[in-house]
Amino acid sequence: MSSLTNKVLVVGMDGLRFDRLQAVGSPVLSALMSSGAYGTSKLPYGEAGTPRTESPGEIVPKAPEPGDGGRVISSRTDSGPGWSSIATGVWPDKHGVVDNGFATPQFRKFPDFLTRAKNARPELATAAFFSWAALDEHGAFSRAIDHRLVLDGYTVGWANADEQVAEAAERHLAEADPDALFVYLGDTDEVAHDLGPHCSEYAAALQAQDAYLGRLLDAVRGRASYPGERWTVLVTTDHGHVDEGGHGGTSDEERTVFVIAHRLGDDLGGRSLGEPRLVDVGPTALAVLGVAADPAWDLDGVPLELG
């Protein structure tokens, strides 16, 4: 039996279209895919025939749409529902976030995976770093998390906020002993809203976030305790964008999301994860940490098979 200590790093890149990731050139993400495992799926919700969300955090009313497994999930393909699904492991009809308004969140019933990990294993050290303050304000990532950095991208500027978030997470990895981290980067979404996902500015935002991810991985590998650790890295997004920028609807461009998984030091061969869903991210992180999902949690997600 391995004596290595299992740890997990989850990195979220807001509004990142997988086809643009492949086309633009992102060496760190490409390396994770080539030696890890990855796949795409489509969100089981979206709102047809209504205005698209045109800026980060904009609140646009939602309407019912057919959902997952016969369920009707009434939600827009917006950041609030996406990150809440990633955090909690359940879809919007359970966690209650159906647009960027966070009007009726159910995070006490369906807490984030870092909080579940802490509740199950109090000795675990957890951390979260993000620049969309709504995730903190509405409790998508709870105050039970040990270490947290919350910035406001609207005030700081999203590119600057990403840089500060990455630097803080890098420093925490180097100086502390975290077991589970969530790091949010948001400039790709901001740029796509302003200019669409096909512009050079979007490519630059993606490449900047890719470089920040590389620095986080370097910080992990540079830890004095790294030889005794086994790190799993999960990278995902919350939604896509239409070509002209914006989301909320039912197009493939808006609904397609991805999950990239990699165990540092292992080679998974760039294999397919099938159709990994946003709700599978949290359960996968928990499984890495040795926390089995309780059926009473009523999760929609399941741990991804990483081999």
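For the structure itself, look to the data block above.
Residues numbered from 1 in each chain as written. Predicted model: local features only at pLDDT ≥ 70, side-chain atom pairs only at ≥ 80, totals over all residues. Heavy atoms only, no water.

1. Section: the overall build of the chain
Formally: A helix here means a DSSP run of H or I that spans at least four residues, while a strand means a run of E at least two residues long, and both kinds are numbered starting from the N terminus. For the radius of gyration, the atom set is restricted to C-alpha positions; the globular benchmark scales as 2.2 Å times the number of residues to the power 0.38. Burial classes: relative accessible area under 20% of the type maximum marks a residue as buried, over 50% as exposed, and values in between as partly exposed (1.4 Å probe, protein chains only). We call two residues in contact when some of their heavy atoms are within 4.5 Å. Note on areas: Shrake-Rupley, 1.4 Å probe, and residue coverage restricted to the protein chains presented here.
Secondary structure summary: the chain contains 12 helices and eight strands in total. In terms of C-alpha radius of gyration, the chain reaches 18 Å, essentially the compact-globule figure of 19 Å for 307 residues. If you line up the chain on its principal axes, its C-alpha atoms span 55 × 45 × 35 Å. Burial statistics for the chain: of 307 residues in total, 59% are counted as buried. Of all intrachain contacts in the chain linking residues separated by at least 6 positions in sequence, the fraction that spans at least 24 positions is 69%. As displayed, the chain has an accessible area near 11,500 Å², and 49% of this comes from carbon and sulfur atoms.

2. Some words on the sheet that holds strand 7 (residues 256-263)
We count it as follows: Only when DSSP finds a minimum of two bridges between them are two strands counted as paired.
Taken together, eight strands build an open sheet; the order of strands is 4-3-5-1-6-7-2-8 and the sheet is mixed. The sheet terminates laterally at strand 4 (147-150) and strand 8 (271-272), the two strands that pair on one side only. As judged from the six bridges shared by strand 1 (residues 5-13) and strand 5 (residues 180-185), these two strands associate in the parallel manner. The residue of strand 5 that forms the bridge with Gly12 is Tyr184.

3. Looking at the packing of aromatic side chains
This is how it is decided: Between rings of Phe, Tyr and Trp, where Trp is taken as its six-membered ring, a pair exists when centres lie within 6.5 Å; planes separated by under 30 degrees are stacked, by over 60 edge-to-face, and by other angles tilted. To sit over a ring, a charge needs its Lys NZ or Arg CZ within 6 Å of the ring centre and within 35 degrees of the ring normal.
Applying the stated criterion across every chain yields a total of 10 aromatic pairs. With a centroid separation of 6.1 Å and 35° between ring planes, the pair formed by Phe18 and Tyr38 is classed as tilted. Placement of Phe18 in helix 1 (residues 18-24) and of Tyr38 in strand 2 (residues 37-42) is noted, with a sequence separation of 20 residues between them. We classify Tyr38 as partly exposed; its relative accessible area is 26%. Connected via pairs of aromatic rings, a cluster forms that spans Trp83, Phe113, Phe130, Phe141, Phe182 and Tyr184. It is Arg116 that lies over the ring of Trp297; its NZ or CZ is 4.4 Å from the centre.

4. As for the pairing of strand 1
Burial analysis of strand 1 places seven of its nine residues in the buried class, the great majority of the element. When strand 1 meets strand 6 (residues 229-236), the two strands line up parallel, connected through eight bridges. Opposite Val8, over in strand 6, you have Thr232 as the bridge partner.

5. A word on the environment of His138
The topology assignment puts His138 in the loop between helix 6 (134-137) and strand 4. Beyond its immediate stretch of four places on either side in the chain, His138 contacts Gly101, Phe102, Pro105 and Phe107.

6. Points about the pairing of strand 2
The side-chain alternation of strand 2 yields one buried face, formed by Ala37, Gly39 and Ser41, and one unburied face, formed by Tyr38, Thr40 and Lys42. Both strand 2 and strand 7 contribute to a ladder of six bridges, which runs antiparallel. Each residue of the ladder has a partner; that of Ala37, found in strand 7, is Ala261. Alignment of strand 2 against strand 8, held across two bridges, turns out to be parallel. Directly across from Tyr38, in strand 8, lies its bridge partner Ser272.

7. A few points about the packing of helix 9 (residues 187-195) against helix 10 (residues 200-221)
The test is simple: Only the stretch in contact is used when fitting a helix axis, every axis being a line fitted to C-alpha atoms; angles between N-to-C directions are given from 0 to 180 degrees. Here is the rule for angles: anything less than 35 degrees is roughly parallel, anything more than 145 is roughly antiparallel, 65 through 115 is roughly perpendicular, and the remaining ranges are oblique.
Between helix 9 and helix 10, the least distance of the axes is 9 Å, while the angle of their chain directions is 180°. Here helix 10 runs roughly antiparallel to helix 9, going by the angle between their axes. Two secondary-structure elements touch here, helix 9 through Asp187, Thr188, Val191, Ala192 and Leu195 and helix 10 through Glu201, Tyr202, Ala205, Leu206 and Gln209.

8. Things to note about unusual backbone geometry
Phi at Phe102 takes a positive value of approximately 50°, unusual for a residue other than glycine. Inspection of the secondary structure assignment puts Phe102 in the loop between helix 4 (92-95) and helix 5 (113-120). Look at Asp298: it is not a glycine, yet its phi comes out positive at around 60°. Note that Asp298 resides in the segment after helix 12 (281-288).

9. Overview of the nonpolar core
Operational definition: For this analysis, a nonpolar core means a set of buried residues of the types Ala, Val, Leu, Ile, Met, Phe, Trp, Tyr and Cys, connected via side-chain atoms within 4.5 Å.
Counting residues in each nonpolar core, the largest one holds 49 residues, and the members touching the most others are Leu135, Phe141 and Phe182. Elements with a minimum of two residues in this core: strand 1, helix 3 (79-88), helix 5, strand 3 (126-130), helix 6, strand 5, strand 7 and helix 12. It is helix 12 that provides the largest number of residues to this core, a total of four residues. Each residue touching Phe141, except ones within four places of it in the same chain, is listed here: Ala87, Asp112, Phe113, Leu114, Phe130, Leu135, Arg148 and Phe182. Leu16, Leu173, Leu216 and Val233 belong to the second-largest nonpolar core, a separate cluster that totals 43 residues.

10. Thoughts on the pattern of salt bridges
To keep things clear, this is the line we draw: The term salt bridge refers to a pairing of a side-chain nitrogen on Lys or Arg with a carboxyl oxygen on Asp or Glu at a separation within 4 Å.
In this structure the tally under the stated criterion is 19 salt bridges. Ionic pairing is found between Arg17 and Asp19, a salt bridge with its closest N-O pair at 2.8 Å. Look at Arg17 and you get buried, because its relative accessible area is 5%. One salt bridge in this structure joins Arg215 and Glu170, with 2.8 Å as the shortest N-O distance. One end of the pair, Arg215, is in helix 10; the other, Glu170, is in helix 8 (residues 158-175), and 45 residues separate them in sequence.

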